[in-house]
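Structure assessment
Chain residues, written in single-letter form:
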Amino acid sequence: MKLIKKTILGAFILGLSATVALAEYPERPISMVIPYGAGGATDISARSIAAPLGEAVGKPLIMANITGAGGATGSVTIQNAKPDGYKMLFARVGSHSVNPAMKATLPYTLDDFRFVTVYEINPVACAVTPASGIKSMSDLVAKAKEGGLSYSSSGVGSLLQLAAVMVLDEFGVEDPLNTVTHIPQKGGGAAATAVLNGTVNFLCTNSSAIAGFVANGQLVPLLVTTAQPVVGFDAPTSVDLGKPALQQLVGWTGIAGPDDLPDDVAKKWGTWMQAATSNAKFREIMESRGSVIELMNPIDANAFILQQYTTFRALVDKLGMRIEG
Amino acid sequence: MSDKLIQLRLGIGAICLAAFLLLIAIPFWVTSPSNVPNIILSPIFWPNTLAIITALTGIGLVLSGLSLFSVKAPKSFNSEKNTRAFFRLSILGFIMGITILVMPSLGLVWTMMLVFSSSAFLVGTTYTKTAIICSIVLPLILYLFFAHVAGVAIPQGDYVRLP
Amino acid sequence: MSFIDNIMAGFSLVANLESFLALFVGITIGTVAGAIPGLSATMAVALTLPFTFSMTPITGILLLLGVYKGGIFGGSIPAILIKTPGTPASSATILDGYPLAEKGQAGKALGMALWASCTADLISNLALILFAGWLASFALNFGPPEFFTLILFSLTIIAGVSGESLLRGALSAMFGLLLATVGLDLIYGTQRFTFENPNMMGGLNFIAVLIGLFAIPEIIGMVWNPKADEGKSRALGNNWVTFQEYRNSFRSIVRGSFIGVFLGSIPGIGAAPSAFLSYSEARRKSKNKENFGKGELEGVAAAEAGNNGVAGATLIPLLALGVPGDVITAIILGAFMVHGLQPGPMMFLINADIIYGLFIGLIVSSVFLFFIGSIAIRGFKYVADIPRSILFPSVMVLCVYGVFAVNNNLFDVGVMFVMGWIGFFMIQYKIPAAPFLIAFILGPLLEDNFRQSMLMSGSSASILFRGPITWFFWLLTSITVFTIARAGIKTRQNDS
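Residues numbered from 1 in each chain as written. Chains lettered and ligands numbered in written order. Predicted model: local features only at pLDDT ≥ 70, side-chain atom pairs only at ≥ 80, totals over all residues.

1. Observations regarding the overall build of chain A
Basically, it comes down to this: Numbered from the N terminus, helices here are DSSP runs of H or I no shorter than four residues, and strands are runs of E no shorter than two. Values of the radius of gyration come from C-alpha atoms, whereas the globule rule sets the reference at 2.2 Å times the count of residues to the power 0.38. Residues with at least 20 neighbouring C-beta atoms inside 10 Å of their own are called buried, those with 12 or fewer are called exposed, and the rest are partly exposed, where every C-beta is derived from the backbone. Note on contacts: each residue gets a C-beta atom placed from the backbone, and two residues are in contact if those atoms are within 7 Å.
Scanning chain A for helices and strands turns up 12 helices and 11 strands. Against the compact-globule benchmark of 20 Å for 325 residues, chain A has a radius of gyration of 20 Å, which places it among compact chains. Projected onto the principal axes, the alpha-carbon positions of chain A cover approximately 65 × 50 × 30 Å. Taking all 325 residues of chain A together, the buried fraction comes to 57%. Restricting the contact set of chain A to residue pairs at least 6 apart, pairs at least 24 apart contribute 77%.

Here is the structure:
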């Protein structure tokens, strides 16, 4: 019932805005919501693309961090925004594929958004401290089967939590939810610190988040999930280890609007992003952080996210990880 | 109000709050998964602990209140003044409520002009001209600063948009 | 390379106009931004970050550090003048700073804030330079059990800021702890008092609660009784802080600086608890205990020393381990990484020149802070001359803009208003606001670290007593609780 109402309302607004407003989009500044805090991966990615993207758009982009609840608070503001393309969202793997897969009480679903692009892919790496004595994935799995293994994450329903579970599951650890302890932390920085100070044994996170620790020899990478090796990470890839299914496990940043965003707006974003991502300085900043710039058009982006969501959802349902309350 | 009265009222209030939390708020508004291995890890453990300590604090307040001598506090204002003060407070509450309601459609800047002028006159300012000028200029300056220097997306509203 | 070589290499990096200019501009931006409620030091640093991409690493990072340091000091200006903390760290400054301003001694309070800030800043920077490696490895010993005991000890601050009745202080703290439970559960992700409202899932915004609790009740009080302050002088006057007063507070300043250095070097605590801890320690040791909270200059000094002492020390885990202790250092870490630098043990070997360059820049920054701060105080002093019936509506407008800007969320403005009424009610019932605030900050940390410890140990309480650090804090907590209890019994006996 609610859905029908929403669709009717959406269609009505769409019809209205299509006839009135869309003379020449954009005619005023566009506000871009970043659903995570300053200094995080999403924030840095968004603020780095802001300058070249603003040039391509021809109107200023106003960046607004709206943080809270693992990206949900900011995402909801776009879910409820007018679909006129003047309020868009920097969507992230956590807020738009892990959260929907894991949280039953999330106030939105993937269907509430229309993705206009995914422009950045972050490989995921698992790492331990040198002091732990764990040298390879098989050591880690052996320790997991022995019991007493623990991992940190940036919170319940984060990519970090799902990544650790998915890796353990792929490597044949049975019932990883109960045999391995999850100790959630507040934020990605705290999650890495928990490994460093010995609170937990390992974590799986975006390679950029731990690149510094790996370069300094404080952490040892065991695995990267991409098919290609990651620069600076002396670790086997998922393909090397014969677990190609883990290639689904990557972080990404994209841009989304409400689900009834008109086609021509989405198309414009496609061309703008083409120009913005070819900017040399932007590429340099992102690549120095270990990101892979990979531009997807609206159709590919939607398909990519849906596929990742389906994979995650299947795992969550298989293990009974869904948060109902 | 005398100290005795304050302690007693606060104490009873705290006990009521704790009872409300333990009996209604926590059971209904805090969800806990069914498979929690240990009670101390449950999401309701901490709120329950806090509610119990609140109740104890309340009991302490009541006891300390009872042990105090009741000193009749001098009445500082007459009742007519008091009614007026309450009237002004309710208007302020009304202004705050309206602010939240109209801000999305009217825009932050215009709402703030209204808030400034109405609250300045509510406190009976004798600087009428200054108040009017400030009520227009201050929100505009702040808008310029926040929107154009700090790059904050100040809500613009549906009617008059600022550059 | 020897130590001297490193210093020389550092000098050659820093000793150019650009670096000093960056530092100067940074501190200026920070002071102004910090002085605007809602536009906290964190936001100012985040907004400056994109500009550093095109600079050389050392210039860019000095710019950010300047903004950070200026921001932490700048926050004390509105805290003293209009009872609105510019950054959360300056909320302890309100306790004595605002009463001083009410007495017409805003100039003295601001001057003391500046002197204490600069002294603490210098001590903090020296601690960074001399003890970075040692403090960093110490900080890595802090796991959840150690945090839990440290925070439990910090909660005893509440006794120090409760004012005349410990029980009312405790009640205030309970309100704060209860309100802090709103949001998603850390371990299970389930909802606690959120009513399915996405705005509440992230918990109540700290700055909205803070400003609501301190600034708005003043406005409501003004509406309640507009003529209450007629005839009171609020002018800044010419009363600048004297050197004698600085010397009298010097002990508290140094103590506060060390508390700041200690808490700053442990990732994840931040400047606000440090300021409160420093304040309550100063009060405990002072002869004028009764005057604290009513306009005691030493209280301002202690609070400001506590929060500025953190500023240099948060760089210890950042540079020595690559671990950001708070949001600001996380942003600064981002700036390092954009320039291809990886803070951590290796950086002291590979990029020692940059590290030493930063150290030299930091020392200079304390001096710059003093001059820019003095100018800023002179500029802001006119605020004290504004008639109250104009000032308070302005504060209200400023608070709405500021609180909105923190998270671009209208809901937070509503939170601020509601907290304002709660704060007004608390004043009427003589409930102190400071315990509420401390509990609101520390409560979630206490709960999270307790539950993380329980997860680590499989629900065995013995983990809370592992190692010497936990024992140290248990001991410290019991001594403090004992002292408080004894003092409480004594006053009771004296009363009857």
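2. Quick notes on the overall build of chain C
In terms of helices and strands, chain C carries 24 helices and two strands. Over its C-alpha trace chain C gives a radius of gyration of 22 Å, about what one expects of a compact globule, namely 23 Å for 496 residues. Each principal axis of the C-alpha atoms in chain C carries an extent, and together these give about 70 × 60 × 50 Å. Per-residue burial over chain C gives 68% buried out of 496 residues. Nonlocal contacts in chain C, meaning residues at least 24 apart in sequence, comprise 79% of its contacts between residues at least 6 apart.

3. Things to note about the nonpolar core
Let me state the cut-off plainly: In plain words, the nonpolar core is the set of buried Ala, Val, Leu, Ile, Met, Phe, Trp, Tyr and Cys residues that C-beta atoms within 7 Å link up.
In this structure, A:Met32, A:Ala125, A:Ala127, A:Leu203 and C:Ile80 are the most contacted members of the largest nonpolar core, which totals 333 residues. The residues contacting A:Ala127, other than those within four sequence positions of it, are A:Val195, A:Phe202, A:Leu203, A:Ile210, A:Val214, A:Leu219, A:Val220, A:Pro221 and A:Leu222. In this structure, A:Ala72, C:Leu184, C:Met200 and C:Met201 belong to the second largest nonpolar core, which totals seven residues.

4. Quick notes on the interface of chain A and chain C
For clarity, the threshold we go by: Residues are sorted three ways: Asp, Glu, Lys and Arg are charged, Ala, Val, Leu, Ile, Met, Phe, Trp, Tyr, Cys and Pro are nonpolar, and all the rest, Gly among them, are polar.
On the side of chain C, 45 residues touch chain A, which itself brings 42 residues to the contact. The set of elements that each furnish at least two residues to the side of chain A that touches chain C consists of helix H2 (41–57), strand S2 (61–65), helix H3 (72–79), strand S7 (181–184), helix H8 (188–196), helix H9 (207–215) and helix H11 (280–288) of chain A. Of the residues in the side of chain A that touches chain C, the class split is 18 nonpolar, 20 polar and four charged.

5. A short note on the environment of C:Gly143
Locating C:Gly143 in the fold gives a position in the loop between helix H7 (106–139) and helix H8 (144–154). C-alpha of C:Gly143 to C-alpha of C:Ser453: the two residues are 310 residues apart in sequence and 8.3 Å apart in space. Contact partners of C:Gly143, with chain neighbours within four places excluded, come to A:Asn197, A:Gly198 and A:Thr199.

6. Comments concerning the domain arrangement of chain A
Residues and elements named next belong to chain A. This is how the line gets drawn: Throughout the structure description, domain borders are defined by an automatic or database domain assignment.
Taken domain by domain, chain A consists of domain 1 (2–15 + 27–121 + 250–319) and domain 2 (124–248). Taking only C-alpha atoms, the centre of domain 1 and the centre of domain 2 are 27 Å apart. Taken together, the contact pairs 19 residues of domain 1 with 20 residues of domain 2. Every element with two or more residues in the side of domain 1 that touches domain 2 is listed here: helix H4 (93–102) and helix H12 (298–319).

7. Regarding the interface of chain B and chain C
Taken together, the contact pairs 52 residues of chain B with 48 residues of chain C. Of all the elements in the fold, those that place two or more residues in the side of chain B that touches chain C are helix H1 (3–29), helix H2 (45–67), helix H3 (79–106), helix H4 (108–122) and helix H5 (128–149) of chain B. It is H2(B) that contributes the most residues to the side of chain B that touches chain C, nine residues altogether. For the side of chain B that touches chain C, the per-class residue count stands at 38 nonpolar, 13 polar and one charged.

8. Re the environment of B:Ala14
With respect to the element layout, B:Ala14 can be found in helix H1. It is 42 Å that separates the C-alpha atoms of B:Ala14 and B:Tyr143, two residues lying 129 residues apart in sequence. Each residue touching B:Ala14, except ones within four places of it in the same chain, is listed here: B:Thr54, B:Ala55, B:Thr57, B:Gly58, B:Leu61 and C:Leu171.

9. As for unusual backbone geometry
In this structure, A:Ala69 is a non-glycine residue whose phi angle is positive, near 55°. Within the secondary structure, A:Ala69 sits in the loop between S2 and H3. Judged by the 28 C-beta atoms lying within 10 Å of it, A:Ala69 falls in the buried class. The phi dihedral of C:Phe195 is positive, around 55°, even though this residue is not glycine. The exposed category is assigned to C:Phe195, around which 10 C-beta atoms lie within 10 Å.

10. Considering the sheet that holds S2(A)
Residue and element names in this part refer to chain A. As a reminder of what qualifies: Paired strands are those between which DSSP finds at least two bridges. The axes used here are C-alpha line fits, helices contributing only the stretch in contact, and every angle between their N-to-C directions lies in the interval 0 to 180 degrees.
Taken together, six strands build an open sheet; the order of strands is S2-S1-S3-S10-S4-S11 and the sheet is mixed. Sheet topology places S2 and strand S11 (292–296) at the edges, where each strand pairs with a single neighbour. Averaged over all pairs of adjacent strands, the angle between strand axes in this sheet comes to 25°, irrespective of strand direction. As paired strands, strand S4 (residues 113–122) and S11 are joined by three bridges and run antiparallel to one another. From the neighbouring strand, Val118 faces S11, where its bridge partner is Met296. Docked against the sheet, H4 engages strand S3 (87–92), S4 and strand S10 (251–258), running at close to 65° with respect to S3.

11. Considering the packing of H4(A) against H12(A)
All names here are of chain A. To keep it simple, the criterion reads: An angle below 35 degrees is read as roughly parallel, one above 145 as roughly antiparallel, one from 65 to 115 as roughly perpendicular, and any other as oblique. Note: crossing handedness is left-handed where the near helix turns anticlockwise from the far helix by less than a right angle, and right-handed where it turns clockwise.
The contact between H4 and H12 brings their axes to 9 Å, and the two run at 30°. Classed by the angle they form, the pair H4 and H12 counts as roughly parallel. Considering how the two elements wind past one another, H4 and H12 form a crossing that is right-handed. Touching His96, Ser97, Val98, Pro100, Ala101 and Met102 of H4 are Ile305, Gln308, Tyr309, Phe312, Arg313 and Val316, all from H12. Here the contact of H4 with H12 is built from residues that sort into eight nonpolar, three polar and one charged.

12. Some thoughts on helix H18 (residues 327–338) of chain C
Since the α-helix turns once every 3.6 residues, residues separated by three or four places project in the same direction. Residue and element names in this part refer to chain C. Just so we agree on the cut-off: Working rule for helices: expected span equals 1.5 Å times residues minus one.
Over its 12 residues, H18 runs 17 Å from end to end, which matches the ideal 16 Å to within 8%, given 1.5 Å per residue. Among the 12 residues of H18, 12 are classified as buried, and the element is accordingly described as predominantly covered. Taken residue by residue, H18 has Val327, Ile328, Thr329, Ala330, Ile331, Ile332, Leu333, Gly334, Ala335, Phe336, Met337 and Val338 as its buried positions. Just past H18, the residue Gly340 takes up positive phi, approximately 75°.

13. Quick notes on helix H12 (residues 206–224) of chain C
All names here are of chain C. Basically, it comes down to this: The angle separating two fitted axes, one through the seven residues that finish at a residue and one through the seven that start at it, defines the bend at that residue.
Given a rise of 1.5 Å per residue, 19 residues ought to cover 27 Å, and the 26 Å separating the end C-alpha atoms of H12 matches this to within 8%. Taken as a whole, H12 carries its principal kink of about 35° at Gly212. H12 sits mainly inside the fold: 17 of its 19 residues count as buried.

14. Considerations on the confidence of the model for chain A
Reading fine detail from the predicted coordinates is not recommended where pLDDT is low. For the record, the criterion: Values of pLDDT, which run from 0 to 100, indicate the predictor's confidence residue by residue.
Predicted confidence across chain A gives a mean pLDDT of 86, with 93% of residues reaching 70 or more. Overall, residues 5–22 of chain A carries pLDDT values under 50, and its contacts beyond four positions in sequence, including any with other chains, amount to 14 contacts.

15. A word on the packing of helix H10 (residues 166–179) of chain C against helix H23 (residues 434–457) of chain C
All names here are of chain C. Running from N to C, H10 and H23 point in directions that differ by 35°, and their axes come no closer than 7 Å. Crossing geometry of H10 relative to H23 is assigned as right-handed. The residues of H23 that touch H10, namely those facing Gly169, Ser172, Ala173, Phe175, Gly176, Leu177 and Leu179, are Pro435, Phe436, Leu437, Ile438, Ala439, Phe440 and Gly443. Residues of the contact of H10 with H23, tallied by class, amount to 10 nonpolar, four polar and no charged.

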